[in-house]
Amino acid sequence: MSSDTYRTKIIHKKNYNFAKDSQDLVRWYLENKRDLPWRQSQDAYRIWISEVMLQQTTVQAVLPYFDRFMKRFPKLKDLAGSPLEDVIEHWAGLGYYSRARNLHKSALKLQESGFPKSFADLLDYPGFGPYTSRAVSSLAFEEKVGVLDGNVIRILCRKYGLNLKWWEGPSRNILQDMADSLAQIEKPSQLNQAMMELGATVCTPKNPTCFMCPWNKTCVAFKEGSIAKLPLQKPRAELQNWIWRVQILNKKNTLGLIQNTQAPFLKGQWIFPGEFIQTKSKPKKYDVNHSITKYNIYVQIEKQHSKSKLSIRKEELKKIKWFATKDLKKINPSSLLQKILKKGIEI
Ligand code: SF4
């Protein structure tokens, strides 16, 4: 049996009433939705920016950033026509700077091509993963596809009582099919935003307010008292320890930086030159400690003019570019670089 047939069977075997579920949810959404700036129109550019900002961040936190960003880059052409440093500066505070870089790359491409209306075509643009592509095509162009992120996974697992290992491909495919099925009935822009709204305001990770939920009469987890157990917990990614031996090169108020091609964190970004070593345990000596997602980073700063063996290899020296020290935050807003620079001045 092909995996597609298997997925279809799982969904149909259960006799889910997606039509009624979809209608109940959209009716609730239209009565309860929050008035948010990116909901005032179906402008693909505004929807795209809001969706990228909202990844891993709450609506409340995003609102001032969205407002500031839109004032500076009101249209796609403004974003495409601005230097990357400017975009990164207006992204500062939201973290995950690779998103700002991809935003800029995609803006240049979209300026040429216009916004494709299908999620499959949007996937070709930098930073457009399955979620963002589906969000933009359904919210802006009413493509009948469902969105699937952590919020939607939580809601679906609870509502339909699913003990799925949602972090694994086959389970994710089942959930994606369910989200797609729900998006076939009502306007997909409304259905998908209703799912997002329910996850943010009612079916929250802890203490969901089920008495306010449009699905509380049919929700399996509510009926069976299994809300706290669903969705299943993803096993934690193992922490990795890294030593970063850094050399701060500075002359006449400039800093020598190199593009990171070695370490799995701060990928592709301009950083201080040096070397990275993955280690099992915490080193005895280090100058700065910092964590980025699952990476525990111990920075050892080589003293200025030190004759220690850590000297930059010739081929690395060729790749170094010099930037004004005062621009470091613009070039790389990671607080780790600021910490290293501050500590480097002290020692
Ligand atoms: S009834 Fe409660 S657990 Fe079920 S979907 Fe609604 S808020 Fe979530």
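1. What to know about the pairing of strand E7 (residues 295-302)
In terms of strand pairing, strand E1 (residues 240-247) meets E7 through 8 bridges, oriented parallel. Along E7, the bridge assignment pairs Trp242 with Ile297. In this antiparallel pair of consecutive strands, strand E6 (residues 288-292) and E7, the connection spans 2 residues, and Thr293 shows a positive phi of 45 degrees.

2. Describing the site of the ligand
Residues in contact with the ligand amount to 14 residues; listed here are only the nearest, Cys203, Cys210, Cys213, Cys219 and Phe222. Per-element tally for the shell around the ligand: the top contributor is helix H10 (residues 150-159), with 3 residues. Looking at side-chain class alone, the shell around the ligand contains 11 nonpolar, 1 polar and 2 charged residues.

3. Section: the domain arrangement of the chain
Domain annotation for the chain reports domain 1 (3-229) and domain 2 (240-346). Computed from C-alpha coordinates alone, the two centres of domain 1 and domain 2 are separated by 36 Å.

4. Some thoughts on the environment of Ala44
Along the chain, Ala44 falls in helix H3 (residues 44-54). A sequence separation of 287 residues divides Ala44 from Ile331, and the C-alpha atoms of the two residues are 28 Å apart.

5. Considerations on the environment of Glu143
Structurally, Glu143 can be placed in the loop between helix H9 (130-141) and H10. In contact with Glu143, not counting residues within four places along its chain, are Lys117, Ser118, Phe119, Ser137, Ser138 and Pro188.

6. Considerations on the packing of H3 against helix H4 (residues 59-72)
As a packed pair, H3 and H4 sit with axes 10 Å apart at the nearest point and diverge in direction by 135 degrees. Relative to H4, the element H3 lies oblique. In the packing of H3 onto H4, the handedness of the crossing is right-handed. When H3 is examined against H4, the residues Ile49, Ser50, Met53 and Leu54 are found in contact with a partner set consisting of Val59, Val62, Tyr65, Phe66 and Phe69. Taken together, the residues that form the contact of H3 with H4 break down as 8 nonpolar, 1 polar and no charged.

7. Describing the sheet that holds E1
In space, the 4 strands of this open sheet follow the order E5-E1-E7-E6, with mixed pairing throughout. Whereas interior strands pair on both sides, the edge strands pair on one side only; in this sheet they are strand E5 (274-279) and E6. For this sheet, the mean angle separating the axes of adjacent strands, direction not counted, is 25 degrees. Of the pairings in the sheet, the one linking E1 to E5 comprises 6 bridges and is antiparallel in character. Looking at E5, one finds that Trp244 is bridged to Phe276.

Criteria and cut-off values
All residue numbers refer to position in the chain's written sequence, counted from 1. Two thresholds apply to this predicted model, a pLDDT of at least 70 for residue-level local features and 80 or more for giving and counting side-chain atom pairs, whereas whole-chain, interface and lining totals are computed over all residues. Two strands qualify as a pair provided that DSSP identifies no fewer than 2 bridges between them. Under the scheme used here, helices are H or I runs from DSSP no shorter than 4 residues and strands are E runs no shorter than 2 residues, and both carry numbers assigned from the N terminus. The rule is simple: place the C-beta atom from the backbone, and if it lies within 6 Å of a molecule or strand, the residue is near it. Under this grouping Gly is polar, as are all residues other than the nonpolar Ala, Val, Leu, Ile, Met, Phe, Trp, Tyr, Cys and Pro and the charged Asp, Glu, Lys and Arg. For every domain, the bounds stem from an assignment made automatically or drawn from a database. A pair of residues counts as a contact when their C-beta atoms, built from backbone coordinates, are separated by no more than 7 Å. To get an axis, fit a line to the C-alpha atoms, keeping to the stretch in contact for a helix; angles then go from 0 to 180 degrees between the N-to-C directions. Every angle not falling under 35 degrees, over 145, or within 65 to 115 is termed oblique; those three ranges are roughly parallel, roughly antiparallel and roughly perpendicular. For any pair of crossing helices, the crossing counts as left-handed if the nearer helix is rotated counterclockwise from the farther one by less than a right angle, and right-handed if it is rotated clockwise.

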